[in-house]
Amino acid sequence: MRVALISCTDMPEPDPDREVLAAGLAAAGVDARWIAWNGGDAGQAWASFDLAVLRATWDYHLAVDRFLGWVDAVSAVTTVLNPPDVVRANAHKGYLNELAARGVPTVPTALVHPGRTEELADLAAARGWRDVVVKPAVSAGSHLTLRVAANDPSGQGHLATVLATSDALVQPYLAGVEGDGERALVWIDGAFTHAVRKAPRFLGDDESVTGPLPIADDERAVATAALAPVASRLLYARVDLCRDDAGQPRVMELELIEPSLFLLQHPPALERLVAAIARRAAAGG
């Protein structure tokens, strides 16, 4: 069984899952190789792999069209997980409004397109938001993510910077990330395995997590609803939640492309992922 574990050339930070996943697969008899999707070896014979698993493609947002084209090309000759159509739908965070339209509790999100002239302060005031988060609609690792008072001129400037190259999201800042924190619920091969608490992270911040933590019933219900349409087709997923002022868990991010799965924090999740990869590779996808 040959498996390609897909990363990128310029890793913005170390991948804590990398070594334990490679070791686990080797112990399971899987010939796993790390390959950067945009590296010098990315043009190889992908048909020789039984499976290509997206794991740390953490620069895809800088060349999203190229990345999605690469995923499509590789999927023409071998199985890519998560599936290409899921990856494409998850690449633009406008999916948050699609989740909301299905009745999934999400962080309220205003999608702003380039060329729009509305002032950030006016947009926020119309929704009753005081502190807001501004970020690109295609982003990873807190890229260009800023928390700012809506009437602060620097917020308008940051919004203009984002809109110069992409759609932007404007969301209310939820104070719950400072208390209960942002909860990342990890889902592997049909089941939630564990959760961790993520500290608030903005432009330039390092990631800080604690756990594993138990998953509350209401968190599980929201996360299950978010994944429902595609759950049966996924190898892995992560649903990042935060509680609003009323205590309701809301989806902040639905990570279906390249999320850290915090395998070090919960070895049973590593075992489950290794088993799922080995089984799919043996079956040819």
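Residues numbered from 1 in each chain as written. Predicted model: local features only at pLDDT ≥ 70, side-chain atom pairs only at ≥ 80, totals over all residues. Heavy atoms only, no water.

**Examining the nonpolar core**
Then comes step 1: Core analysis: the biggest nonpolar cluster contains 50 residues, and Ile-6, Leu-21, Leu-54, Phe-67, Trp-70 and Ile-277 have the highest contact counts within it.
Then comes step 2: Mapped onto this core, the elements with two or more residues apiece are β1 (2-7), α1 (18-27), β2 (31-36), β3 (51-54), α2 (64-75), β4 (80-81), β9 (182-188) and α8 (267-282).
Then comes step 3: Per element, the largest residue contribution to this core is eight residues, and it comes from α8.
Then comes step 4: Look past the residues within four positions of Leu-21 in its chain and what remains in contact with it is Leu-5, Arg-55, Leu-263, Leu-270, Leu-273, Val-274 and Ile-277.
Then comes step 5: Of all hydrophobic cores here, the second largest spans 24 residues; its members include Leu-96, Val-222, Leu-227 and Leu-256. (Core = buried A, V, L, I, M, F, W, Y, C linked by side-chain atoms within 4.5 Å. Buried < 20%, exposed > 50% of the residue type's maximum accessible area, 1.4 Å probe, protein only. Helix = DSSP H or I, 4+ residues; strand = E, 2+ residues; numbered from the N terminus. Contact = heavy atoms within 4.5 Å.)

**Focus: the sheet that holds strand β8 (residues 168-172)**
Then comes step 1: With antiparallel pairing, four strands are arranged side by side in an open sheet as β5-β8-β6-β7. The open sheet is flanked by β5 (110-112) and β7 (146-149), the only strands paired with a single partner. The average undirected angle you get between the axes of adjacent strands in this sheet is 30 degrees.
Then comes step 2: Bridge analysis of β5 against β8 gives three bridges, and the strand direction is antiparallel. Of the residues in β8, the one forming a bridge with Ala-110 is Val-170. (Pairing = 2+ DSSP bridges. Axes fitted to C-alpha atoms, helices over the stretch in contact; angles between N-to-C directions.)

**Focus on the pattern of salt bridges**
Then comes step 1: Evaluation of the coordinates by the stated rule reveals 14 salt bridges.
Then comes step 2: Between Asp-72 and Arg-88 there is a salt bridge, and its shortest N-O distance comes to 2.6 Å. Taken together, the residues Asp-72 in helix α2 and Arg-88 in helix α3 (residues 84-90) connect sequence positions 16 residues apart.
Then comes step 3: For Asp-72, a relative accessible area of 34% puts it in the partly exposed group.
Then comes step 4: Put simply, Arg-279 and Asp-189 hold a salt bridge, and the shortest N to O gap is 2.7 Å. Highlighted residues: Arg-279 in helix α8 and Asp-189 in the loop between β9 and β10 (191-198), separated in sequence by 90 residues.
Then comes step 5: Relative accessible area serves as the criterion here: at 17%, Asp-189 is assigned to the buried category.
Then comes step 6: Among the charged side chains, a salt-bridge network with shared partners connects Glu-182, Lys-198, Arg-238 and Asp-240. (Salt bridge = Lys/Arg side-chain N within 4 Å of Asp/Glu carboxyl O.)

**Quick word on the pairing of β3**
Then comes step 1: Residues Leu-51 and Val-53 of β3 are buried on one face, and the alternating residues Ala-52 and Leu-54, pointing to the opposite face, are buried as well.
Then comes step 2: Both β1 and β3 contribute to a ladder of four bridges, which runs parallel. Bridge pairing links Ala-4 to Ala-52 in β3.
Then comes step 3: In the sheet, β3 pairs with β4 via two bridges, with the strands oriented parallel. Along β4, the bridge assignment pairs Val-53 with Leu-81.

**Some remarks on α8**
Then comes step 1: Over its 16 residues, α8 extends 23 Å from the first C-alpha to the last, a length consistent with the 22 Å expected when each residue adds 1.5 Å.
Then comes step 2: Considered for burial, the residues of α8 that qualify are Ala-269, Leu-270, Leu-273, Val-274, Ala-276, Ile-277, Ala-278, Arg-280 and Ala-281.
Then comes step 3: Looking at the buried positions of α8, the neighbouring elements they touch are β1, α1, β3, β4, β9 and β10.
Then comes step 4: Trailing α8 by a residue or two, Gly-284 shows a phi angle of about 75 degrees, which is positive. (Expected span 1.5 Å × (residues − 1).)

**A few points about unusual backbone geometry**
Excluding glycine, residues mostly have negative phi values, and the peptide bonds linking residues are mostly trans.
Then comes step 1: Residue Asn-82 follows Leu-81 across a cis peptide bond; omega there is 0 degrees.
Then comes step 2: Tracing the backbone shows Asn-82 in the loop between β4 and α3.
Then comes step 3: For the peptide bond that leads from Gly-211 to Pro-212, omega is 15 degrees, which places it in the cis range.
Then comes step 4: Tracing the backbone shows Pro-212 in strand β11 (residues 209-213).
Then comes step 5: The backbone phi angle of Asp-189 is positive, close to 50 degrees, even though this residue is not glycine.

**Points about the sheet that holds strand β12 (residues 236-243)**
Then comes step 1: Reading across the sheet, the five strands line up as β11-β10-β9-β12-β13 and stay open at both edges, with antiparallel pairing between neighbours. Edge strands, defined here as strands with exactly one partner in the open sheet, are β11 and β13 (249-255). Sheet twist, expressed as the mean angle between neighbouring strand axes with direction ignored, is 30 degrees.
Then comes step 2: Direction of pairing for β9 relative to β12: antiparallel, over a ladder of six bridges. Counterpart to Val-186 in the pairing with β12 is Arg-238.
Then comes step 3: Most of the contacts of α8 go to β10, to which it runs at about 135 degrees, and overall it touches β9 and β10.

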